[in-house]
Each structure stands twice: as C-alpha cells, then as structure tokens.
Amino acid sequence: MRGTLSVLLAATALSAAMPAIAQDTEITEPVSVDDVAALGDVTLRVWADAGEETMLEKLIPQFEETYPNVTVDLTLKGWGDLMGTVVNAMNSSTPPDVTNGNQGFAIMGTMVRADLVRPLDDFIDAYDIDEGLPASGFSSMQWNDEGTAWGEGDTYAMGGATQPLGLFYNKSKLEELGLEAPDSIGDLNEALAAAEEAGEQPIMLGNSEQYPLGSHVLGILIDMYSGVDEINGWIAGQEGATFDTEGVRQALETLESWGEAGYFGRGYDGMSMDDAVASYGEGEGVFFLGGSFNGARLAAVDPDAFGFTLLRGESGDYVTTGTFGTPWLVSSKTEIEPAALAFLGMMLSEDFAQAYADVSRLPNKGLDSVTPTGSMHEDQLAAAERLFEEGDFVGYLDWATPTMQRTMGTQAQMLLAGRTDVDSFIEAVQSDWEAYQAERAEQ
Amino acid sequence: MSTVDHLNDERAPEGPAENRRVPRAGHFLYLVPGFLLYAAFCLWPIAQTAYFSFFRWDGITDMRWIGLRNYLELFTDPLTLTIFGHGLVMIVFYAILPVLIGLLIVAIMTRVRIRLLAIFRTVLFLPQILATVVVAVAWRWIYAYDGPINAVLELLGMGFLTRAWLGDFDTALASVGLIGTWINFGLCMVLFIGGAQKIDTQLYEAARLDGAGPVQEFLAVTLPGLRGEISIALILTVTNALRNFDIVWNTTAGGPGTETLVPSYLIYEGAFITRNVGFAAAASVVLTALILVLTASITIGLRRRY
C-alpha cells in the first residue's frame, strides 16, 4: 500500500515537473531589453518566405536598434523552396531560431512530432497576441503532442498579417455594368451572368501551376455552401468526416457551371497566377477570386481602382478560408530564446502594424488603427475586421493531406475541362483523404 | 616499383612476368582516393536510397519498415504507371526527335557546303547552354494563349486551332516534349558534325563514283560512321528525358490534370512536399534501374562491330 502511494506520489511529482522541464523558460511577461542583453553578442538566425521581405526590411533595423547585442542573419526563400527545406533545416544542429512554416501535417505536423518547435502559448499570453482575434484562426496552429492531429493542444505558431480569401472587383467595370459590389454568393452569381452578357470576361484566372483554381476558387465556393465545422472537421481528419456533402456538391456544381458558361475565359490553364493578377491589374476581367495577399500587387498598380469584399454564404454569415498569415515558429533548440521571442514580439505588436499596412497588408493587431494605402486596402481592412468580429475562418483544403494540393488542383482542372464529373471528383478527393487517415492511424 | 619502370616494362615486353604483375597491384592504390570520393558521394547515397525504399519515413522521425509496400504501390497505382509512361513519351521528344533532326542536318551538310558554319552551329547549340528556367519562361510565353504561336495561327486563318498549348489536356505533353527537342537537338547536331568530319572523305568519293544518291550515301557512309556518336547522343538524351523535371516544373507543374507528370516529379513530391521519403526512394530506384537498362541496351545495340 505504502509502495503504491509512493509510486503515485513520485508519478505526481514527475508529471508536475515535466512541463517545467519541457518549458523551463516559459515566460509570463514580455521579454525585456535586459533579458536579451544578458545573452551577450549573438546572431539570430531567421528563415522567411520571400513574401515577408518588405516587412522584414523594416523590422530588422528596428529590432537591432532596440536590441543592439543581436545581429539578425536573414535567409529568404521562395515559398516552394522554403517548404522543401525548412523541416530539414529545423532538424539540423544549427536550425534557424525563428522561421516561417506552413499549416498542415507535412510541415507543422512533422515539426511538432519531432519536437523541433517550441509551444508559444506562454508567449501569446505574455504579449496579448490573441486579444481581439477569433479563436477559430488559432486552431490550425494547435497540435496534439504527437503532431498527429490539429485543432486543439499547444499553439506552435502565429502569423503577423491575416490573409482571408475573398473577391476583388474592378470598380469602373462594375459601374459600367450598373452593378453593386456583391455581398453574397447569390449577388456574385447574378453579377457574373450580367458581366458575361455584356461581353466582359467575368473572372480572371491564371492556373498553370494547378493553383489557385482547386484551392482558392473552389475553397471560397465550398465556404459558401457548407457549414464551417463540417469542412474544418474534414480538413482536420475527424473520424467519419466526408467530402461527399450537400455543400461540396453544390460548390462543385457551381464551379462546373461557371466553367461551362465560360466565366474564366480561355487559356487560363496556360497562364500563371502572377500573370493573371498582372492582367487583372491592367483591366482585364471584372472579378478576381483570391487572397488578400494578391492585393499588394493590385494596390501597387492603382490603390483605388479595385475593391475587395468577403461574401456571405448560404448561411448568411461571412465565412472564408484564411489564416492569421504565414505562420512563424520558434525552434525548440534555440540557445537565444529571449531574442527569438523578442523578435516575434516586436513583429506581432500593434506598434509595428503600420509597417504591414504600408505594403497593403492586414496586420492582425491594428486593423482599425493603421492608415490604409488606398480605398482597396481600406476595403480589405474592413473585411478583415468584419471577419474577426462576426465571421469564421475555414482552413485551406490542402491541409487535409500532404497530397491534397495536387489532388484538388488536378481534379479541378479536369472538372472544368469536362474530363471528370462531380461524383468522380468527390470520390478521388475522398479516397486521397481516406488513404491518408489510414496512414495516420498507423503512425 | 614506379610507374616509369612499368612503362619501361611495356616497351620491353620480354621482361620477367613478375616484374609486370607486382606494380600492377600497386597501381590500384592510386585509385583509392578517387574511389573513396566516388563511394562516399555516389555509391553510399545509392545504397542508402535503396535502403530507405523499404521504409515509411518522413525524413525526420523514426523509420518504419514496410517491406516492399512502396514498390507495390509504385507498380499497382494506375497514376504512377501513367507517370512512368509519360517518361517514355518524353524519350521520343528528348532523344529520338533530336537525334533524327541532328542526322538530317548532318546529311544535308555532307552534300551542301554551308557558309558561316561556326555561327550556324553556335546558334543551334545555344539552347543547350541556356539555364532551363530561362528556357521554360520563354516557352511559357511562346505557348501562351496570347503568345506568338496563336498569333501566327490567327494570321493564317486557323484561329480554330488556338489554345493555351501548355494548359490544354490534348497538347500539354507534346508541347512540353517539344521544348526538350529544341534543347537537345543542338547537342546531337554538334556531336554528329564532329563525327562526320572524322569520316574519311574517300568513302564519300567512292560512294559517289559508285553512283550513290544522297540517301544511299547517307545510309551507307554517314550513318555507319556516326554509330559511336549516335550511341553517346542517345545515352545523354535518354537520361535527360527520364530525369526531366525542371522544364515540367516551370511550365506546367504536372498539369493540366496529370497530363505532364513525370517520374522525377514523383520523387520531388515524395521527398520534399509530402515527406514520404521511402516512396520517393523507391521511385528513384525504379527510375535509376530503367535508365541503366535503357542506356545499356543502347550501348550494346550500337556497339561498333570490328
């Protein structure tokens, strides 16, 4: 009896001690300049997506001035290159202290599973990062300890500027057509038909990289016709979830009908997304379905010529695919943790928000306080605010499995080319999903 | 015993047999540094790849032995079979067409004296030395819906043929393939021109005296004379065709649908995107084996008969 008790006591003591060992540097308040100064002269290694370059060009000098003992060593990579190398880099003996990653099983899941990243819940509390932000935006960055399921558990990452998907519209074209900016999927369908009738190309699309048709365009449509939990549950791999839902069917049928009506024009599979954004900026096409991240390019052409809006789905709510931005993670092996946290702290602070806004981005902190670059940016800030207040984030469909990006991209192209139908589309996607769930169960 | 002594031995073959054998064994020592480098950077990775192919592994956490499952998947999944099929189609465009075009150019050259040959040769060889990303971007523009090919078709009143060539299910694979033809035919041509210049001109004179026409002359003199060069050209271009990745990646990313997916893409995707390293390794092993079999067949098939 006594033996059992002491074992129990020991177990209790051990379990109480465990988190302390795992996170013996848990913080309760923001890291101070002195905390960082105590590290001596150090170099902070940062890996980032090239899309963050302009933001970092402002952040790094400011950071090095505030923390003069730290030199930032920045490595910028294109998205594909970064995703191909970041997990191995984090696994190396000299990992970046702070890095961009991506949601989903292949990148963040692997890093959590291999204990390569530090949970950031204490940091988020200490810096009030989550204040005023919808909880639904965090779920894609929360993982169980095994790194096999997301949606709850410790939070391992945070982004700086939210990136909701939505609808861009060409203001002068809408005026010519005598249309208001759509606010719901019903409005959009009417506007597309009217644009087509008037001889305009309703939607500008460049999909030569099998993207963004199967991810952004289809994602928005699925958001319109589905319940948030239904889709998020499927993406997160909940048991018994299925892609074969009424909402998905309706979304696919709509996409198919848009294709049949010629709303995307011709040759979109031979044009890259960048070229399509450029053409749209030059005035081709009435609408563009994409992410707020496409906005910077359009704002650079003319900050007031385009508008941006979220759409209300069939439920009447604003529902859209999106995130708090490309996630930032901190290495569990970093030897200069205070510097790493201070770097993220400064990047995600309200004081730094204007730096994002200056390049037409949407800082999570300070959507209502930053000065916009023009009326389109103002629309975007307002849309993000509305989303934070009353809307819900849906995850990206391609987080569902490591191969989903290709499966969705492939199937979407085939659907519009008449090489598959809605039933086979759903079957292909669901069988990809099921194969991966079986594999996950084996892990 | 030094090398010099050995060379002396060779000049004096009547020397004692032992004298020749001892230094020969010693000579292998000279190969050791090179062999070690080759083993460390070539053989060992190959062995490792073969080893990984029997595991389920994300490249980071623990590996799980799954036997032949990766290979089974490779040979039973209709998609992977189609993808290897695309690899074989690429051989037509990357190897066979360039060799035929190269031969045609040489056949013409042996009959007609071409002025400014050096410039002509350099210009045709140029695609070979351009960075493939540059080539891909240029061709993306050429093939684009509003690109020059469609503009010419419109001019000729064949507007019904216009399309985004790389984005069309029917034309994407051939369009990507033709980029490969354009890149590789210069290499074949340069190899063949070099080879043709070595052919004894007396053979041509003899053929002409015997009344051979251009076709007979080509078949009887030029073609047999180029056997070695054709073999080299085929080995280089077939390998190139099967490991082709950069052009596909930078023009179509494997689309539309799965029309232009190639084996190297499978390997890239497994190793870097889906983190299914074992499957990528298995695909690498199969691709390597395929390349070895094909190049060996070419070498044996075109071996000079003395």
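Residues numbered from 1 in each chain as written. Chains lettered and ligands numbered in written order. Predicted model: local features only at pLDDT ≥ 70, side-chain atom pairs only at ≥ 80, totals over all residues. Heavy atoms only, no water.

Chemist: Give a detailed account of a nonpolar patch on the surface, specifying residues and quantitative values.
Modeler: All names here are of chain B. On the surface, Leu-29, Val-32, Phe-35, Leu-36, Tyr-38, Leu-43 and Ile-46 cluster together into a nonpolar patch covering about 710 Å² of accessible area. With respect to the helices and strands, Val-32 occurs in helix α2 (residues 17-52). On the accessibility criterion, Val-32 (37% relative accessible area) is partly exposed. (Patch = residues over 30% accessible without salt bridge, like charges linked within 9 Å, V, L, I, M, F, W, Y side chains within 5 Å. Areas by Shrake-Rupley, 256 points an atom, 1.4 Å probe, with all protein chains shown as cover. Salt bridge = Lys/Arg side-chain N within 4 Å of Asp/Glu carboxyl O. Helix = DSSP H or I, 4+ residues; strand = E, 2+ residues; numbered from the N terminus. Buried < 20%, exposed > 50% of the residue type's maximum accessible area, 1.4 Å probe, protein only.)

Chemist: Describe the interface of chain B and chain A, with residues and values.
Modeler: Interface size is commonly expressed as the accessible area that is lost once the parts come together. Taken together, the contact between chain B and chain A spans 31 residues of the former and 28 residues of the latter. Taken over both partners, the interface formed by chain B and chain A buries close to 2500 Å², and the fraction arising from carbon and sulfur atoms is 50%. When residues of chain B are sorted by the area they lose upon contact with chain A, B:Ile60, B:Phe169 and B:Arg275 head the list and together hold 23% of the total. The interface formed by chain B and chain A contains 4 salt bridges. In this structure, the salt-bridge partner of A:Arg419 is B:Asp170, at a minimum N-O distance of 2.9 Å. Applying the counting rule to chain B against chain A returns 9 residue pairs in polar contact (both at pLDDT 80 or more). Classifying every residue of the side of chain B that touches chain A by side-chain character gives 13 nonpolar, 10 polar and 8 charged. (Contact = heavy atoms within 4.5 Å. Buried area = accessible area lost by both parts, 1.4 Å probe. Polar contact = N/O pair within 3.5 Å; in protein donor to acceptor, adjacent residues only side chain to side chain. Nonpolar A, V, L, I, M, F, W, Y, C, P; charged D, E, K, R; others polar.)

Chemist: Report on the environment of A:Asp269, specifying residues and quantitative values.
Modeler: Mapping A:Asp269 onto the fold places it in the loop between α11 (246-260) and α12 (273-281). Taking C-alpha positions, A:Asp269 is 9.9 Å from A:Ala417, a pair spaced 148 residues apart along the chain. With near-sequence residues (within four places) excluded, A:Asp269 lies in contact with A:Asn207, A:Ser208, A:Gln413, B:Leu166, B:Gly167 and B:Pro256. For A:Asp269, the side chain forms a polar contact with the side chain of A:Gln413, separated by 3.0 Å.

Chemist: Help me get a handle on the domain arrangement of chain A, residues and values and all.
Modeler: Residue and element names in this part refer to chain A. Split by domain assignment, chain A resolves into domain 1 (24-162 + 324-366) and domain 2 (165-321 + 393-442). When each unit is reduced to the centre of its C-alpha atoms, the spacing between domain 1 and domain 2 is 29 Å. Tallying the contact residues gives 17 residues for domain 1 and 11 residues for domain 2. Between domain 1 and domain 2, roughly 1200 Å² of surface is buried when both sides are summed, and carbon and sulfur atoms account for 65% of that area. When residues of domain 1 are sorted by the area they lose upon contact with domain 2, Phe-105, Trp-150 and Ser-360 head the list and together hold 45% of the total. Applying the counting rule to domain 1 against domain 2 returns 0 salt bridges. Taken together, the links from domain 1 to domain 2 amount to 2 residue pairs in polar contact (both at pLDDT 80 or more). The residue inventory of the side of domain 1 that touches domain 2, partitioned by class, reads 8 nonpolar, 9 polar and no charged. (Domains from an automatic or database assignment.)

Chemist: Describe the pairing of strand β1 (residues 42-49) of chain A, listing the residues and the values that go with them.
Modeler: Residue and element names in this part refer to chain A. Counting buried residues along β1, 6 of its 8 residues qualify, which places the element largely inside the surrounding structure. Pairing of β1 with strand β2 (residues 70-77), which is carried by 8 bridges, proceeds in the parallel orientation. Bridged to Val-46 within β2 is Leu-74. What joins β1 to β2 is helix α3 (residues 53-66), and the crossover it makes is right-handed. In this structure, β1 lies alongside strand β3 (residues 98-100), joined through 2 bridges in parallel fashion. Across the sheet, the residue bridging to Val-46 is Val-98, located in β3. (Pairing = 2+ DSSP bridges. Right-handed = clockwise from strand over helix to strand, strands pointing away.)

Chemist: Requested: an account of the domain arrangement of chain B, with residues and values cited.
Modeler: On domain assignment, one finds that chain B holds domain 1 (3-52) and domain 2 (69-301). Each of domain 1 of chain B and domain 2 of chain B has a C-alpha centre, and these two points are 37 Å apart.

Chemist: An account of the sheet that holds β1(A) is needed here, citing residue identities and associated values.
Modeler: Residue and element names in this part refer to chain A. Strand order across the open sheet formed by 4 strands is β2-β1-β3-β10, with mixed pairing between neighbours. In this open sheet, the two edge strands, each paired with only one partner strand, are β2 and β10 (328-330). Across the sheet, the axes of successive neighbouring strands diverge by a mean angle of 20°, strand direction being ignored. Running at roughly 160° to β10, helix α14 (residues 337-347) makes contact with β1, β2, β3 and β10 of the sheet. (Axes fitted to C-alpha atoms, helices over the stretch in contact; angles between N-to-C directions.)

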